[in-house]
Structure formats: structure tokens, C-alpha cells
Amino acid sequence: MVFIFGVNFPEATLVKRSLETFYGIGPKVSQGIMARFHIFPYAKVGSLKNQQVLDLTAELSEMKIENDLRRQVQDNIRRLKDMGTYRGRRHAMGLPVRGQRTRTQITTARKLNRIERGGQGRVKM
Amino acid sequence: MSSSRCLRRISQLSLDRAGPSSIAPRCLLTLPQSSTFSTSAARNANPQGKKGSAAPPKRGTRTLNVKKGRKDAGKDAGKKPGPGERKAMRKRIVLSNNNALEVSGLKDLEKENALDGSTEGQMVGIHEDAVDVLRAVEAFKPSQGWSLFRRPATLMRKETTQLAQLLKQVEESEQSTTIRRVLVGEKLNGKSTLLLQGLMMASLREWTVISFPEAQELVNAHTEYAPLPGSNPTQYTQDAYTANLLSQFIKANNKLLLSSPLTTTPSLPHPLPPKPTVKQLADLGVANPEASWPVFTALWTELTQPGRPPILLALDGLSHIMQNSAYMSASTTPIHAHDLTLVRHFIDHLSGAKPLPNGGAVLAATCGSNSPTCEALDFSLQVAEARQGTPDKVPLWNQYKDVDARVMECMKDVEILRIRGLSKDEARVVMEYYAASGMLRARVDDGFVGEKWTLAGMGNIGELEKASVRLRVGAMGYR
């Protein structure tokens, strides 16, 4: 098991996959981080050198990811709601925000548009 | 009644004879079921008991079970292949077929006749030592038809003799000569096999051979990489690949070279044993992959000292190293393949920027089936061919197209060795070999050879093999 940014990963996990488990890191960001530390795309967590693991953790701790990012997104939505804007109300109601029709096809909006956007915490692998 | 049941009845009969003797022994079917070792007959006799106990399914339960995969979900689906097992199977090289006949009169290529052209137009066997070397440098490819014949043999075609002449020229010249050639030709025309023949001849002549069997593996970002400290512009080393290359080097090169002592004193991050040999130097790189690049450079310096044998550098799949690699630099821009140290090393020797001090050859084969488009390379090869054939009609680059200047620069005075189809005589020799191996059951005469030669696109050897040997074998379900 390798400890990256407070989370244990099995040695056989791809570095890319383990990075992308963090909220706020997707394919592009993980590619950038791995390129910065010269980790090749198919590297497994177990093959990282100690220094690389420390570097990764240091890099992640400087980024706005996980709960910080969630809080930021939720604050933005809450601000809209507190001001009483249309967008804020639509978020609160779980309806499309940007003028889409609501007669059909609003499952994505129902799923995502809410005040507590981004869930409560880390999704376990 | 099945015969097994008959036998069982008879055996019961012999047991029961001690009991009620009044029943006629002829009436086999009406014998009472008394104590035997097996109870299955008694149980099978009353299949109704089971049926009565089964109640109809309750309402709401699913009775129609048609979903796929449900049956096997709980069960173990057999042994799963271990990590790397499937790849090993895919890359497996089979060099002999016990069902094929031994070809009488097949002579091995020896050190003495390797380069003299006396075997032109004949099939020659590959000597066991050479097979070991070629296996070590991964010169045999899984897609080639080695597994069809008793033992590896190859046709010394016209192009092979040309290559042999070039190698001979290196050996015989007074001052060091470096031969640089790109092997080009159509798909399945035998470019990789010619490279293999070059490696075979060089190893028979006790040259040092270093081969990059798949250029794709250098650039597809499947092995680790790291920036080379102190390089400007930044170069990148590939430690795992280099360590593997060193281990192949140890396996492929002759004992004499490996056991010879070092004449230089390299400064390496790890200490060498006292009075080190070339093998110990290479071993150091294998054991410590992080030091493999310094070890490789030290090894190269050692190999290029005066008195060392000529070197053959070979690479298959040239166009892969003529573009951006899949590696990323720290600023997330793709790294050009020429910025990888191993590729740089090869390209420097292919372009002639660095000559081989003891002479030698640098061979690169293009690939017909697995090659990314590289317009600059294609154009450079066209130019090179035109220079050799019609020097007054050298094509010009379309000024409105982007050009990979690094590729143009490194390919600007390289020569090519074009591989064309076999002649009919060569095709006949190959097909006689197929027939003598028992893999081709037909009379090899002019008409038959001409037909297959034409079907194979005017003697394309891969197609010829497909048309005459593989097709039949495939139809029999052998593969």
C-alpha cells in the first residue's frame, strides 16, 4: 500500500487512476501532474520512488481539490441562492439552470443541480 | 438395455443366488432388488418421489431465467491467466515444428561463408549459436513463419548478398567504414528478415550486435523515463529499457568480447569490481537500472576503443522514432523521439553525425504494417532513392506543408536498400524447401512456381508463404 495525500492505494493501481479518485482531478490534470514529475502514463503506484510519492503529495496539498473544491462550488451555489437569483432557485429546486426545456430530459439536472453539489466526501475506491 | 446395465444385472444375479433360489435365473428383469453395494438403481427406480415435493413457484418470483451470464456468475469461471501470461503467449517464438520433415542437404551458414556470396540463391540453416543470439535480440518475430519448419532456415536472396557485400566491405577496408542503410520495401517483403540476416551474419563474423527490435517500444511510453541531468535541451533517459537492452547485449555478444578487460576507467555512480570485464560493466547497468544510461555510455566508449570488433546497430520500425513520442515533458508538451537518449544515440549513428571508429553498420528497417505516417521520413526516403537511381530528378518538398526539420536533418544523406520481390528462381528455391519440409504437397514445377509467384504479387515472400504454406496449414485447422 502506498500513501498518497492521506489515502492508501494498493501497489498495483495505476498512478493515473489513483490520482483521478480525488475530487477535482480528471484526465487532463492527472496527465499534467504526472508529466511534471516524469511519471509515465502506465506507471503503477508501487513502482513510484519515495521522492515521487512525496512530490505528488506535496503537489496535491497545494491544489484546491477534494473538500476545499467542494466547498467552493457549494458556496458559489449558496451565494446565488442567498441573493435570491433565478439560478439559485433553480439549483435549489434541482431543475435546469440555463434555460433548458423541462418537459423531458432533465435527469442530469435532477442529479447534479442541488445546493450540496459534489456530495459529502470522498468516494472510496 | 445398455450393455453396462446388463452386466450389473448379471453381477446382482450372482450375489442373489444364495438367497431365494426358487426364482428362475433366466428371468433377469424380475429379480428382487436386495442388498448390493450400489443404491443408485433403487433410487432411480422411483423418480416420482421427487416430483411430488416440488411446489409451484410463488407469485412474484422470477421463473423465466433468460439473462445471460447468470448461470456462471456464482461459479468459478476457470483459471484466469496470470499477469503477463497472455502477453507471453502472444509474443511466444516457436522455432521448430516436429511434424515438419528434416530437409536433407540443408547447410548452415558458417563464419567462413557468411559474407562471400557463395550461398546466394540457396536456403541456409541458421546455426544454433546464431539462433541463440537472434533470440536474445528478439530478431525473430511472432508473425513470421518460423514455427512451420523443422528448424530455422532462411533464403540468401539477392538483397542479402548485397548486405553481405557491404559488411564485407567494412571488414576489409583499411580505415574504419560505417555503412548506413535504411531497408525499405513493400509490406511482407522481408525487411525484418533481412535485418535478421544482417544480425546473423554480423554475429557469425563476431561483430558486436546491438539491436532495438521494436522501435515502437522506445516511444510508446510504456517504460519509465527521467530527464538527463545537465542536458540542454533536456534529454530523457529510459532506465528500464536501457537495462533490458544491456541484458540483451550480454546474451547476444560473444564470450570473448564480454570477458575481455576494460581499457577505460569509467566514472560511474556504482563501484566496479577490481579489474572489471566488459560483462561486469554491463551487469552493473542491469542490476542498477537507475545507472543504466551512464553504464551504456561507458560501454559504448569501451566498444569503440581501437582493436574492438566492428559494431552492428539495428532498429526495426524506423518511422516510430521519427515523430513525437508518447512521453510528456514537465510542461506537458510531447517529447520528440529524438530527445530520448537511446533514440538520439541511434539517430546520430544513422545520420552519420557520429561515425563508428572501428567500422560497422547501422541498419534501420521500415515497417509496412505498423508504421505511423511520417511525411518527412517518406520524403527523405524518396529523395534517397532518387539520388541513387535518377539523380537529376530529385523530388522537392512542398513548401506549403509543415515539415519535421529534425527528421529531414537526420535523414538528409542516408542511403536506402530497397527490397523487391523474389525472382522466380529464388521463389522456386523457397518452394522446393517448403516441399522438402513436407509443408507443401505439390509438384514444384515452373507452372506451379509461376502461379504462386504471380499470386504473391510478383514474388513478395510473405505473400508467397501465405499462398503456399500457411493457407493449406490454416485450412487443416493446424493453427
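The structure under discussion appears in the preceding block.
Please read these numbers as outputs of a predicted model, since none were measured by experiment.

About the thresholds
Residues numbered from 1 in each chain as written. Chains lettered and ligands numbered in written order. Predicted model: local features only at pLDDT ≥ 70, side-chain atom pairs only at ≥ 80, totals over all residues. Heavy atoms only, no water. Helix = DSSP H or I, 4+ residues; strand = E, 2+ residues; numbered from the N terminus. Contact = heavy atoms within 4.5 Å. Areas by Shrake-Rupley, 256 points an atom, 1.4 Å probe, with all protein chains shown as cover. Buried < 20%, exposed > 50% of the residue type's maximum accessible area, 1.4 Å probe, protein only. Axes fitted to C-alpha atoms, helices over the stretch in contact; angles between N-to-C directions. Parallel < 35°, antiparallel > 145°, perpendicular 65-115°, else oblique. Left-handed = near helix turned anticlockwise from the far one by under 90°. Nonpolar A, V, L, I, M, F, W, Y, C, P; charged D, E, K, R; others polar. Expected span 1.5 Å × (residues − 1). Arc of directions from axis to C-beta. Salt bridge = Lys/Arg side-chain N within 4 Å of Asp/Glu carboxyl O. Buried area = accessible area lost by both parts, 1.4 Å probe. Polar contact = N/O pair within 3.5 Å; in protein donor to acceptor, adjacent residues only side chain to side chain. Phe/Tyr/Trp six-rings, centres within 6.5 Å; stacked < 30°, edge-to-face > 60°. Pairing = 2+ DSSP bridges.

Would you take a moment to explain the overall build of chain B for this structure?
When its secondary structure is counted, chain B shows 19 helices and eleven strands. Here the analysis covers contacts within chain B between residues at least 6 apart in sequence; of these, 74% occur between residues at least 24 apart. With an accessible surface of roughly 26300 Å², chain B has 53% of that area assigned to carbon and sulfur atoms.

What's the story with the overall build of chain A in this structure? I'm lost.
Along the backbone of chain A there are six helices and two strands. Secondary structure elements in chain A, listed N-terminal to C-terminal, are β-β-α-α-α-α-α-α. In chain A, buried positions account for 38% of the 125 residues. For chain A, the computed accessible surface area is about 7900 Å², with 51% contributed by carbon and sulfur atoms.

What am I meant to see in the packing of helix α10 (residues 239-252) of chain B against helix α13 (residues 292-303) of chain B here?
Geometry of a packed helix pair, given as the angle between the helix axes and the separation of the axes. Residue and element names in this part refer to chain B. The contact between α10 and α13 brings their axes to 9 Å, and the two run at 40°. It follows from the interaxial angle that α10 and α13 lie oblique. Where α10 crosses over α13, the two elements pack in a sense that is left-handed. Facing Asp-239, Thr-242, Ala-243, Leu-245, Leu-246 and Phe-249 of α10, the residues of α13 in contact are Ser-292, Trp-293, Val-295, Phe-296, Leu-299 and Leu-303. Classifying every residue of the contact of α10 with α13 by side-chain character gives nine nonpolar, two polar and one charged.

Before we go on, may I ask you to explain helix α17 (residues 424-436) of chain B in this structure?
Three- or four-residue spacings in an α-helix give side chains the same orientation, since the helix completes a turn every 3.6 residues. Residues and elements named next belong to chain B. The terminal C-alpha atoms of α17 lie 18 Å apart, and with 13 residues this matches the ideal 18 Å at 1.5 Å per residue to within 8%. Inspection of α17 places Glu-426, Ala-427, Val-430, Met-431, Tyr-433 and Tyr-434 among the buried residues, and these make up the whole buried set. Seen end-on, α17 carries its buried residues on one side only, within an arc spanning 150°.

Is there a simple way to explain the environment of Gly-359 of chain B in this structure?
Residue and element names in this part refer to chain B. With respect to the element layout, Gly-359 can be found in the loop between α14 (341-351) and β10 (360-365). The buried category is assigned to Gly-359, whose relative accessible area is 1%. For the pair Gly-359 and Glu-171, spaced 188 residues apart in sequence, the C-alpha separation works out to 7.7 Å. Ignoring sequence-local partners within four residues, the contact set of Gly-359 consists of Val-170, Ser-176, Thr-177, Pro-310 and Ile-311.

Help me understand the pattern of salt bridges, please; the structure alone is not making it clear to me.
Two side chains bearing opposite charge may form a pair once their charged atoms approach each other closely. On inspection of all chains with the given rule, the structure shows 26 salt bridges over all chains. Between Arg-406 of chain B and Asp-339 of chain B there is a salt bridge, and its shortest N-O distance comes to 2.8 Å. With Arg-406 of chain B in helix α16 (residues 405-410) and Asp-339 of chain B in the loop between β9 (334-336) and α14, the pair connects residues that are 67 residues apart, well separated along the chain. Note that Asp-446 of chain B is salt-bridged to Arg-428 of chain B, the shortest N-O span being 2.5 Å. Placement of the pair is Asp-446 of chain B in helix α18 (residues 446-455) and Arg-428 of chain B in helix α17, with a sequence separation of 18 residues. Residue classification places Arg-428 of chain B among the partly exposed residues on the basis of a relative accessible area of 25%. What emerges from the salt-bridge pattern is a single network uniting Asp-75, Arg-78 and Glu-116 of chain A.

I would appreciate a short explanation of the interface of chain A and chain B in the present structure.
Interface size, as often reported, equals the accessible area lost upon joining of the parts. If you look at the interface, chain A gives nine residues, while chain B gives 13 residues. In total, chain A and chain B occlude about 960 Å² of area from one another, counting both sides; carbon and sulfur atoms represent 65% of this. At the boundary of chain A and chain B, one finds zero residue pairs in polar contact (both at pLDDT 80 or more). Tallied by class, the residues present in the side of chain A that touches chain B amount to five nonpolar, three polar and one charged.

So what exactly am I meant to see when it comes to the packing of aromatic side chains here?
The relative placement of two aromatic rings is captured by the distance of their centres and the angle of their planes. Residue and element names in this part refer to chain B. Under the counting rule described, the total for this entry stands at ten aromatic pairs over all chains. Ring geometry for Phe-149 and Tyr-434: centres 5.5 Å apart, planes at 10°, overall stacked. A residue pair is termed long-range when its members are at least 10 positions apart, and Phe-149 in the loop between α6 (128-136) and β2 (153-155) and Tyr-434 in helix α17 qualify at 285 residues. Residues Phe-149 and Tyr-434 agree in their burial class; the two are buried. Pairing Trp-293 with Phe-296 gives two aromatic rings, centres 5.5 Å apart and planes at 20°, and the pair type is stacked.

Just checking my understanding: could you explain the sheet that holds strand β7 (residues 311-316) of chain B for this structure?
Residues and elements named next belong to chain B. One open sheet holds the five strands; their spatial order is β4-β7-β10-β3-β11, and the pairing between them is parallel. Two strands lie at the open edges of the sheet, namely β4 (208-212) and β11 (415-419), each paired on one side alone. Ignoring which end each strand starts from, the neighbouring axes of this sheet average 20° apart. In this sheet, β11 lies alongside strand β3 (residues 178-185) in parallel orientation, the contact comprising five bridges. When the bridges of β11 are listed, Arg-181 appears paired with Glu-415. Taken strand by strand, helix α7 (residues 158-172) contacts β3, β10 and β11, and its axis lies near 150° from that of β11.

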